[in-house]
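Inside the fold
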Amino acid sequence: AKHAGKNTYRFFDETMDALIKRRVYLQQQLEVAIKSDTAFSLRYQPQVNTTNHEVYGAEALMRWEVTKDEWVSPFEFIALAEETGQIIEIGIWLMRNLFQQMAEWNKRGIEFGKISMNISAVQLARDALAERMLSMMNDHAIPAEQLCVEITETTLMTNSDKVMDNLKQLKKAGIALSIDDFGTGYSSMSYLKAIDADHLKIDRSFIIGIGEKDSDEHIIRATIALAHSLKLETVAEGVDSPEQLAFLKALDCDYIQGYYFSKPLMADDFEQFLEQGASD
Ligand code: C2E
Ligand code: MG
Ligand code: MG
Ligand code: MG
């Protein structure tokens, strides 16, 4: 037993060692990426109206190619950047590049609807975020109606005055507000009213359960009913099958985002998607 114990410790040490090394590596590479400005890019995942399949807009999602063909998922690098504080610079990168793209589309008369962008709690709490965002939008002549800000419900849980102030300023300017990954955190229903959100996004982890798990179906049904009674629109995320689409349609879910209609696309592919329309 003693022997096994020792091995367990050694395994633990080696795992820890590998984790720490990866962390340090990624943190350094993030620094390089922030300075070089070429390693990050954006994808646009269409959001489609559930009833008529018209394109409602898209969610902007970041991609990071650390070195040639080495991609690191935003799940990993966003979480790390939040811990190190690098998320502030990354958020600025996102706004600059997204607004440039939107300005270009506007100039060319391309109607892309509403673009949702993810904003982390760390950004909302530490930066004069709203002021900065509104001034960057102004620089690129982006109307507020073209933007939606996605925050997770855990962001609301921080219960920080700064977070709330920033959100209020964005709302006041006319930017839509969406609660992301709803049902996966611990938010209080009262926040939904307090911050005057416009959309509620049903997390992919529940959508996966459609046709498989009664409890997931009940949660989705209750979430949509709650949202609609509070006058919020619902967006289902990670929809990738006709069964899931039919289920959500029957419940009057407002918008669909997921591989069923499209994966996150490069800007020019999203333009094509806008031209051709959603097909199933
Ligand atoms: P999220 O905001 O919940 O974004 C939805 C994620 O689900 C995206 O993963 C998207 O590619 C994926 N997805 C959508 N439809 C499907 C589907 O049908 N099947 C499957 N398997 N996946 C689907 P992604 O792009 O890897 O982003 C992961 C998370 O990273 C995002 O979750 C968001 O929290 C964060 N993130 C991404 N970009 C940014 C950003 O620019 N800023 C911040 N702060 N966070 C970001
Ligand atoms: Mg999101
Ligand atoms: Mg989401
Ligand atoms: Mg999610």
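Please read these numbers as outputs of a predicted model, since none were measured by experiment.

Some remarks on the coordination of the magnesium ion (ligand 3)
Within the first shell, the magnesium ion (ligand 3) binds the protein through Asp180 (OD), Asp181 (OD) and Glu237 (OE), at distances of 1.8 to 2.8 Å. Spacing between the donor residues of the magnesium ion (ligand 3) along their common chain follows D-D-x55-E. Here the magnesium ion (ligand 3) and the magnesium ion (ligand 2) are spaced 3.6 Å apart, linked through aspartate 180, which binds each one. Of this pair, aspartate 181 sits in strand 6 (residues 176–182) while glutamate 237 sits in strand 8 (residues 233–237), placing them 56 residues apart in sequence. Residue classification places aspartate 181 among the partly exposed residues on the basis of a relative accessible area of 23%. By relative accessible area, which is 14% here, glutamate 237 ends up buried.

Description of the site of ligand 1
Taken together, 22 residues surround ligand 1, and among them Gln45, Glu59, Arg63, Asp180 and Tyr259 come closest. One of the side-chain N or O atoms of arginine 63 is found 2.9 Å from an oxygen atom in ligand 1. In the model, an oxygen atom of ligand 1 is placed 3.0 Å from a nitrogen or oxygen of the asparagine 118 side chain. At the level of secondary structure, the elements contributing two or more residues to the shell around ligand 1 comprise strand 2 (55–67), helix 2 (74–84) and strand 6. With four residues, strand 2 is the largest single contributor of residues to the shell around ligand 1. Among the residues forming the shell around ligand 1, the class breakdown is nine nonpolar, five polar and eight charged.

Rules used throughout
- Residues numbered from 1 in each chain as written.
- Chains lettered and ligands numbered in written order.
- Predicted model: local features only at pLDDT ≥ 70, side-chain atom pairs only at ≥ 80, totals over all residues.
- Heavy atoms only, no water.
- Donors = N, O, S within 2.8 Å, 3.2 Å for Na, K, Ca; no water.
- Helix = DSSP H or I, 4+ residues; strand = E, 2+ residues; numbered from the N terminus.
- Buried < 20%, exposed > 50% of the residue type's maximum accessible area, 1.4 Å probe, protein only.
- Near = heavy atom within 4 Å.
- Polar contact = N/O pair within 3.5 Å; in protein donor to acceptor, adjacent residues only side chain to side chain.
- Nonpolar A, V, L, I, M, F, W, Y, C, P; charged D, E, K, R; others polar.

Purely spatial values, then, with no claim about function.
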